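Here is how the chains run, residue by residue.
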Amino acid sequence: MAETSVHDLDDVTIIVVTYNSAHCLAELGRSLAECPHIVIADNGSDDGCAAAARRHLPNAQVIELQRNLGFGTANNRALKQIKTPFALLLNPDCEITPAAIRALMQTAQTYPEAALIAPQLLHADKSPDINYRWPHLLWDSKGPGIQEGPACVGFVCGAAMLFRIQAFDDIGFFDERFFLYYEDDDLCVRLFNAKRAMIIDPAITAVHRSRGSVKGKSPLKSEFIRGYHHAQSKLIFTAKHIRLEQAIAQRKKLIIQTCLALPLRILLPAPRLIARMYGRLRGVIDWKPHEN
């Protein structure tokens, strides 16, 4: 595979998928002000997100999707638009500096065989998040969990990923059956199986305010959606990468566990947890094995 030279920020397009994420865009606009190439793919938000994106990121291309197509699909739509050799996929609740983006590009230059490079994610309190591991289909990662230098890994969290576009030519990007959750697991499994290197560089950091990207007018609906698609995506992943029979057994187990736990949860004053658990129940009930 021929290597493309890296020329600072000119060679990378920042891709941000938004859904009721208007509250994130002022900070995002400040952190990405030096980036010449930005694509915002808005998943049918009802909080004025697309207008806010144009206001806070005036140089960005804004793709207004008419409905919520899901995280992977929206990223795929944006990836089709770019002309740079690299793309940095960034959650709207991630904060990264231009210096950190340049450092990621330098790491990409240092390791030309790497298809994907990721920073060390930090929690809001600046403590390290473990956003990388080995593929859990093969073995469970153990040990202290904090990497001291650049290393090949088998999975990185989709909140911040630098793609070398040409490395995906024969693999493709996100499987659009995953509406939300597990799309990064699936992509990393495919890269790992194709022997494409994924590198974590812990010297480069980005703050990830996990679950901070969605607000909107209906927080309970958002929690229902999280539960629904987390359950469905888990089953889709199992059916695709392990066995359909195991996914069917997993579905039965989830239905029983959720039906037993939901009445107890209703007795506690936690509406968001109830909405998420009910979403999980509906997700596993609605999952159709013959479509996987």
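Analysis parameters
- Residues numbered from 1 in each chain as written.
- Predicted model: local features only at pLDDT ≥ 70, side-chain atom pairs only at ≥ 80, totals over all residues.
- Heavy atoms only, no water.
- Helix = DSSP H or I, 4+ residues; strand = E, 2+ residues; numbered from the N terminus.
- Rg over C-alpha atoms; globule rule 2.2 N^0.38 Å.
- Buried < 20%, exposed > 50% of the residue type's maximum accessible area, 1.4 Å probe, protein only.
- Areas by Shrake-Rupley, 256 points an atom, 1.4 Å probe, with all protein chains shown as cover.
- Lys, Arg positive; Asp, Glu negative; His and termini not counted.
- Charge placed at Lys NZ, Arg CZ, Asp CG, Glu CD.
- Phe/Tyr/Trp six-rings, centres within 6.5 Å; stacked < 30°, edge-to-face > 60°.
- Lys NZ or Arg CZ within 6 Å of the ring centre and 35° of its normal.
- Expected span 1.5 Å × (residues − 1).
- Polar contact = N/O pair within 3.5 Å; in protein donor to acceptor, adjacent residues only side chain to side chain.
- Contact = heavy atoms within 4.5 Å.
- Core = buried A, V, L, I, M, F, W, Y, C linked by side-chain atoms within 4.5 Å.
- pLDDT = per-residue confidence, 0-100.
- Axes fitted to C-alpha atoms, helices over the stretch in contact; angles between N-to-C directions.
- Parallel < 35°, antiparallel > 145°, perpendicular 65-115°, else oblique.
- Left-handed = near helix turned anticlockwise from the far one by under 90°.
- Nonpolar A, V, L, I, M, F, W, Y, C, P; charged D, E, K, R; others polar.
- Pairing = 2+ DSSP bridges.

1. A look at the overall build of the protein
Helix and strand content of the protein: eight helices and 11 strands. For 292 residues, the compact-globule estimate of 2.2 N^0.38 gives 19 Å, and the protein sits close to it at 19 Å. On the principal axes, the C-alpha backbone points of the protein span a range of 55 × 45 × 35 Å. The buried share of the protein, reckoned over its 292 residues, is 51%. When the accessible surface of the protein is totalled, it reaches about 13800 Å², and 55% of it is carbon and sulfur. A gap of 8 Å separates the mean positions of the 34 positive and 30 negative side-chain charges of the protein.

2. Remarks on the packing of aromatic side chains
Scanning the entire structure with this criterion turns up eight aromatic pairs. Ring pairs connect the aromatic residues Phe-71, Phe-163, Phe-168, Phe-173 and Phe-174, which therefore count as one cluster. Seen from the ring of Phe-155, Arg-133 lies directly overhead, with NZ or CZ sitting 4.0 Å from the centre.

3. Description of helix α4 (residues 98-110)
Here α4 contains 13 residues, and its C-alpha end-to-end distance of 18 Å stays within 8% of the 18 Å for a straight helix at 1.5 Å per residue. Listing the buried residues of α4 in full gives Pro-98, Ala-100, Ile-101, Leu-104, Met-105, Thr-107 and Ala-108.

4. Points about the side chain of Ser-31
When you line up the elements, Ser-31 lands in helix α1 (residues 25-31). A polar side-chain atom of Ser-31 sits 3.1 Å from the main-chain carbonyl oxygen of Leu-28. Setting aside anything within four residues of it in sequence, one finds Ser-31 in contact with Ile-96 and Pro-98.

5. A short note on the environment of Val-17
Examined against the element boundaries, Val-17 turns out to sit in strand β1 (residues 12-18). Note: C-alpha distance between Val-17 and Ala-231 (214 residues apart in sequence) is 21 Å. For Val-17, the residues in contact, after removing those within four places along its chain, are Ala-41, Asn-43, Phe-71, Ala-74, Asn-75, Leu-90 and Pro-92.

6. Details of the nonpolar core
Counting 39 residues, the largest nonpolar core has Val-12, Ile-14, Leu-32, Leu-90, Ile-96, Ile-101 and Leu-162 as its most contacted members. No other element matches α4, which puts five residues into this core. If sequence neighbours within four positions are ignored, Leu-162 has contacts with Val-12, Phe-86, Ala-87, Leu-88, Leu-104, Met-105, Ala-108, Ala-115, Leu-116 and Ile-117. With 34 residues, the next largest nonpolar core counts Phe-71, Ala-151, Val-153 and Leu-187 among its residues.

7. Observations regarding the confidence of the model for the protein
Across the protein, pLDDT averages 92, with 95% of residues at or above 70. Every residue in residues 1-5 scores below 50 in pLDDT, and together they form 14 contacts with partners more than four places removed in sequence or on other chains.

8. Quick look at the packing of helix α7 (residues 244-266) against helix α8 (residues 271-286)
Between α7 and α8, whose axes approach to 9 Å, the crossing angle comes to 155°. In terms of axis orientation, α7 runs roughly antiparallel to α8. Every pair of crossing elements has a handedness; the one defined by α7 and α8 is left-handed. Contacts from Arg-251, Leu-254, Ile-255, Thr-258, Cys-259, Ala-261, Leu-262, Arg-265 and Ile-266 in α7 reach Leu-273, Ile-274, Met-277, Tyr-278, Arg-280, Leu-281, Val-284 and Ile-285 in α8. Each residue belonging to the contact of α7 with α8 can be placed in one class, and the counts come to 13 nonpolar, one polar and three charged.

9. Some words on the pairing of strand β11 (residues 197-208)
Most of β11 sits inside the fold, with 10 of its 12 residues counted as buried. In the sheet, strand β5 (residues 94-95) pairs with β11 via two bridges, with the strands oriented antiparallel. If you follow Cys-94 over to β11, its bridge partner there is His-208.

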